[in-house]
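Observations on the model geometry
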2 protein chains.
Amino acid sequence: MEILIDIDDPIPLFTQLISQIKEAVIKGELKPGTQLPSIRQLANDLELNSKTVAKAYRHLERDSVIQTRGYRGTFVHPDAVANSAVDLNALVLSKIGEVIEACRDAGATDSEIRIAFGDAMNQRPLRRN
Amino acid sequence: MEILIDIDDPIPLFTQLISQIKEAVIKGELKPGTQLPSIRQLANDLELNSKTVAKAYRHLERDSVIQTRGYRGTFVHPDAVANSAVDLNALVLSKIGEVIEACRDAGATDSEIRIAFGDAMNQRPLRRN
DNA sequence: ATATGTACCGTTCGAGGTAATGGTACATCT
DNA sequence: AGATGTACCATTACCTCGAACGGTACATAT
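Cut-offs applied
Residues numbered from 1 in each chain as written. Chains lettered and ligands numbered in written order. Predicted model: local features only at pLDDT ≥ 70, side-chain atom pairs only at ≥ 80, totals over all residues. Heavy atoms only, no water. Pairing = 2+ DSSP bridges. Helix = DSSP H or I, 4+ residues; strand = E, 2+ residues; numbered from the N terminus. Contact = heavy atoms within 4.5 Å. Axes fitted to C-alpha atoms, helices over the stretch in contact; angles between N-to-C directions. Near = heavy atom within 4 Å. Polar contact = N/O pair within 3.5 Å; in protein donor to acceptor, adjacent residues only side chain to side chain. Nonpolar A, V, L, I, M, F, W, Y, C, P; charged D, E, K, R; others polar. Buried area = accessible area lost by both parts, 1.4 Å probe. Salt bridge = Lys/Arg side-chain N within 4 Å of Asp/Glu carboxyl O. Buried < 20%, exposed > 50% of the residue type's maximum accessible area, 1.4 Å probe, protein only.

As a further point, take the sheet that holds strand β3 (residues 74-76) of chain A. Strand pairing within a sheet occurs via backbone hydrogen bonds; the two strands may be parallel or antiparallel. Residue and element names in this part refer to chain A. Pairing is antiparallel across the open sheet formed by three strands, whose spatial order is β1-β3-β2. Looking at strand neighbours, the two that pair on one side only are β1 (35-36) and β2 (66-68), the edges of this open sheet. Examined bridge by bridge, β1 and β3 share two bridges and lie antiparallel to one another. When the sheet's bridge partners are listed, glutamine 35 is paired in β3 with phenylalanine 75. Across the sheet, helix α3 (residues 50-62) is in contact with β1, β2 and β3; its angle to β2 comes to roughly 110°.

Every one of the 22 residues lining DNA strand C counts as a neighbour, but Leu13(A), Asn49(A), Lys51(A), Thr52(A) and Tyr71(A) are closest to it. Within 4 Å of the protein, atoms of DNA strand C come from sugar and phosphate in 70% of cases. At 3.0 Å from a phosphate oxygen of DNA strand C is found a side-chain nitrogen or oxygen belonging to Ser38(B). Within the residue set of the surface near DNA strand C, elements represented by two or more residues are α1 (13-27) and α3 of chain A together with α2 (39-46), α3 (50-62) and α6 (110-123) of chain B. Residues belonging to the surface near DNA strand C are distributed by class as follows: seven nonpolar, eight polar and seven charged.

Attention now moves to the sheet that holds strand β1 (residues 35-36) of chain B. Strand order in this open sheet of three strands is β1-β3-β2 (chain B), and the pairing throughout is antiparallel. Pairing within the sheet leaves two strands with one partner each, and these edge strands are β1 and β2 (66-68) of chain B.

Looking now at the interface of chain B and chain A. Each partner contributes to the interface: chain B provides 39 residues, whereas chain A provides 38 residues. When chain B packs against chain A, close to 3700 Å² is buried across both sides, 64% of that on carbon and sulfur atoms. One salt bridge connects Glu112(A) with Arg62(B), and the closest N-O pair in it is separated by 2.6 Å. Listing elements by their share of the side of chain B that touches chain A, those giving two or more residues are α3, α5 (88-105) and α6 of chain B. Residue contributions to the side of chain B that touches chain A peak at 15 residues, all from α5(B). When its residues are assigned to classes, the side of chain B that touches chain A shows 17 nonpolar, nine polar and 13 charged.

Let us now look at the pattern of salt bridges. Two side chains carrying opposite charge are able to pair once their charged atoms lie near each other. The full count for this structure, using the stated rule, is eight salt bridges over all chains. In this structure, Lys22(A) engages Asp63(A) in a salt bridge whose closest nitrogen and oxygen atoms are separated by 3.3 Å. Placement of the pair is Lys22(A) in helix α1 and Asp63(A) in the loop between α3 and β2, with a sequence separation of 41 residues. Under the relative-accessibility criterion, Lys22(A) is labelled buried at 15%. Asp63(A) sits in the buried class, given a relative accessible area of 17%. Several salt bridges converge on common partners, so that one network encompasses Lys22(A), Arg62(A), Asp63(A) and Glu112(B).

Below is the structure:
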């Protein structure tokens, strides 16, 4: 398989990586159990910072597309094919969209909704990126 | 009644105005039916831009705390006392808070939620401030 | 003519967030 | 010793957004 990263693309680099790996899994170019290159290795090949690749791997593991086994390397998850098709962002987007519409119907202004959103994000415990 | 606006206060000026007028209504200093100063007049008195006062009036009218009758002036709404106590922002805040928590439980990252929020705000028709 | 609320164009400033980068360090296993 | 994933510190640049401001214009009614 081959991965192409476009630095000029407005889409974040780590997002491009995630998408391409998921696509490779769906196309069958990456089969469950296959070992993936290490973070540092892939960062070298694609001329990316290791943090960027690590971020992509972190997301992919959360989505159960890959499995990281510490010093033993990273592998394609057994259920990778199914999990690659799941679009968490779409779910989040629809959920939030509904609430926004509800708030607007209630008479709230966009700026009020934005402020409330910012407050709500801060009031609850923080999370990693 | 008297209104004091603090420019150094991090709270937006139009928000300070809204709060103080609502408080005056609740305290009984502003009674239903009372005519309020015009936007330009109040802007002069408080040394604010007329847009700032207009924005505050716009919000107050949406909340049915005041009634604007065009060239005839602006008056305190008959149900102003009750409506001043209603806190729309609190409702919006709790609604959004619930959704954020749900999204986080679903495994979404804060940054993903923020991006989804931004997208959701843009995908749907725009509104005034 | 004057005042009213309203609406549009624009700009400036600051805060906050994301993305990406760098460096360093750790415990773990081969 | 070397590689692994992971974690912390930091900075930089870019962008978006809110807030406030200025100017101008409009239809309406007094």
